Amino acid sequence: MINNISEIRQEYTKFSLDITDVSSTPFIQFKEWFETAIKSELFYDPTSFILSTCGKDMIPTSRVLLLKGFDENGFQFFTNYSSKKGKNLSENPNASMLFFWDKLERQVRISGIISRLNDSESEKYFNSRPYESRIGAIASEQSSELNSKVDLENKIKELKIKYPSNPPRPINWGGYNLVPNSFEFWQGRESRLHDRIIYTLNEGNWIINRLYP
Ligand SMILES: Cc1cc2nc3c(=O)[nH]c(=O)nc-3n(C[C@H](O)[C@H](O)[C@H](O)COP(=O)(O)O)c2cc1C
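As a convention, each chain's residues are numbered from 1 in the sequence order in which they are written. For this predicted model, a pLDDT threshold of at least 70 governs which residues receive local features, and a threshold of 80 or more governs which side-chain atom pairs are given and counted, while totals over whole chains, interfaces and linings are taken from all residues.

(A) Region of interest: helix H1 (residues 26-40). Think of it this way: any DSSP run of H or I at least four residues long counts as a helix, any run of E at least two long counts as a strand, and we number them from the N terminus. The span you would expect from a helix comes to 1.5 Å times its residue count less one. Compared with the 21 Å implied by 1.5 Å per residue over 15 residues, the 21 Å span of H1 between its first and last C-alpha is a close match. Every C-beta atom is placed from the backbone, and the number of other C-beta atoms within 10 Å of a residue's own sets its class: buried at 20 or more, exposed at 12 or fewer, partly exposed in between. Taken together, the buried positions of H1 are Pro 26, Gln 29, Phe 30 and Trp 33. An end-on view of H1 places all buried positions within 100° of arc, on one side of the element. Facing away from the buried side of H1 by over 90 degrees, the exposed positions are Ile 28, Glu 35 and Lys 39. By the convention adopted here, residues make contact when the C-beta atoms placed from their backbones lie within 7 Å. Residues of H1 that are buried sit in contact with strand E6 (106-116), strand E7 (173-187), strand E8 (195-202) and strand E9 (205-211). Note on H1: the residue one or two positions beyond its end, Glu 41, has a positive phi of about 55°. By arc we mean the arc of the directions from the helix axis to the C-beta atoms, nothing more.

(B) Expanded view of the packing of helix H4 (residues 131-139) against helix H5 (residues 149-162). Axis definition: a line fit to C-alpha positions, over the contact stretch in the case of helices; interaxial angles, taken between N-to-C directions, run 0 to 180 degrees. Contact geometry for H4 and H5: axes closest at 9 Å, N-to-C directions at 120°. Here H5 runs oblique to H4, going by the angle between their axes. As H4 packs across H5, the resulting crossing turns out to be right-handed. Of H5, the residues touching H4 (which contributes Ile 135, Ile 138 and Ala 139) are Leu 152, Lys 155, Ile 156, Leu 159 and Lys 160. Of the residues assigned to the contact of H4 with H5, the class counts are six nonpolar, no polar and two charged. When describing relative orientation, an angle under 35 degrees is termed roughly parallel and one over 145 degrees roughly antiparallel, while 65 to 115 degrees is termed roughly perpendicular and anything else oblique. Should the near helix be turned counterclockwise from the far one by less than a right angle, the crossing is left-handed, whereas a clockwise turn marks it as right-handed. Side-chain classes are defined by residue name, with Ala, Val, Leu, Ile, Met, Phe, Trp, Tyr, Cys and Pro counting as nonpolar, Asp, Glu, Lys and Arg as charged, and the others, Gly among them, as polar.

(C) Structural detail: the pairing of strand E5 (residues 94-101). Strand pairing is defined by DSSP finding a minimum of two bridges between the two strands. Both strand E1 (residues 48-54) and E5 contribute to a ladder of three bridges, which runs antiparallel. When the sheet's bridge partners are listed, Ile 50 is paired in E5 with Leu 98. Linkage of E5 to E6, two consecutive antiparallel strands, is achieved through a turn of four residues, within which Glu 105 is found at a positive phi near 60°.

(D) Inspection of the site of the ligand at higher detail. The ligand sits among 16 residues. The nearest are Thr 79, Ser 83, Lys 84, Lys 85 and Ser 143. Of all the secondary structure elements, the ones that give two or more residues to the shell around the ligand are strand E2 (60-66), strand E4 (74-80) and helix H2 (84-91). Ranked by residues supplied to the shell around the ligand, first place goes to E2 with five residues. Taken together, the residues of the shell around the ligand sort by class into five nonpolar, seven polar and four charged. Contact assignment follows one rule, namely that a residue is near a molecule or strand if its backbone-placed C-beta atom lies within 6 Å of it.

(E) View of the nonpolar core. Think of a nonpolar core as buried Ala, Val, Leu, Ile, Met, Phe, Trp, Tyr and Cys residues, each tied to the set through C-beta atoms within 7 Å. Membership of the largest hydrophobic core comes to 23 residues, with the highest contact counts inside it found for Met 97, Val 108, Ile 110, Tyr 176, Leu 178, Phe 183 and Phe 185. Element by element, the count of residues in this core is highest for E7, at five residues. Setting aside residues up to four positions removed in sequence, Phe 185 forms contacts with Leu 17, Val 22, Gln 29, Trp 33, Val 108 and Ile 197.

(F) Fine view of the environment of Lys 87. Tracing the backbone through its elements, the reader meets Lys 87 in helix H2. Along the primary structure Lys 87 and Ser 111 are separated by 24 residues, whereas in three dimensions their C-alpha atoms are 18 Å apart.

This is the structure we're talking about:
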């Protein structure tokens with residue numbers, strides 16, 4: 001039994017980040033931190049991030065997803081378009097991605113506008129997935145109520161018979177791309193005096209500023 005969670009306290013001391021340290025483009029800065037997270041081998045899955053969306057009900061929701069690519073055109077991930085997040089995004093394309101690499105004491109917050117990848121990009125990634133994951137993507141009505149696990153297991157068995165190889169991508173499964181309009185890089189520091197650098201897009205140029213912790 002944990003009695004007093006308010007006594008759990010960590011100091012953040014490993015690195016620092018100043019405006020003079022960062023790249024002039026946030027994509028290069030992200031690449032640097034992302035590669036450091038991967039190379040450090042400190043994380044089970046350094047590509048995981050939290051995506052927050054908000055539909056027309058104005059109630060924000062968050063979930064963990066996996067990043068599958070990024071470049072100057074945006075950040076890509078894959079999911080079910082009929083899921084809760086898919087519905088939210090069809091109502092409101094504004095979203096936020098959050099990476100937290102705790103052992104590096106780093107957080108990156110990226111805000112932007114999301115749109116669907118085209119069919120050929122979704123197809124390419126779908127076909128690169130393991131067979132079992134492709135069958136799972138067809139079987140799963142992601143975010144709908146599942147009455148019994150047996151229903152899902154039976155559906156998977158039937159799909160494996162129907163598609164012993166090359167299961168087709170469902171039309172409601174594919175990729176999204178987030179085009180960023182803001183990035184914030186957060187580096188933990190002693191006594192909660194953390195370093196924060198924000199990049200904001202202004203008429204095509206990235207403006208860089210410090211933020212109070
Ligand atoms: C480590 C981890 C990675 C995940 N990766 C994905 C992913 O890439 N795509 C996806 O659709 N769901 C992924 N999920 C599941 C989502 O968190 C979420 O449960 C699911 O997408 C349904 O979300 P929604 O109901 O908000 O649409 C992942 C979960 C975890 C914990």
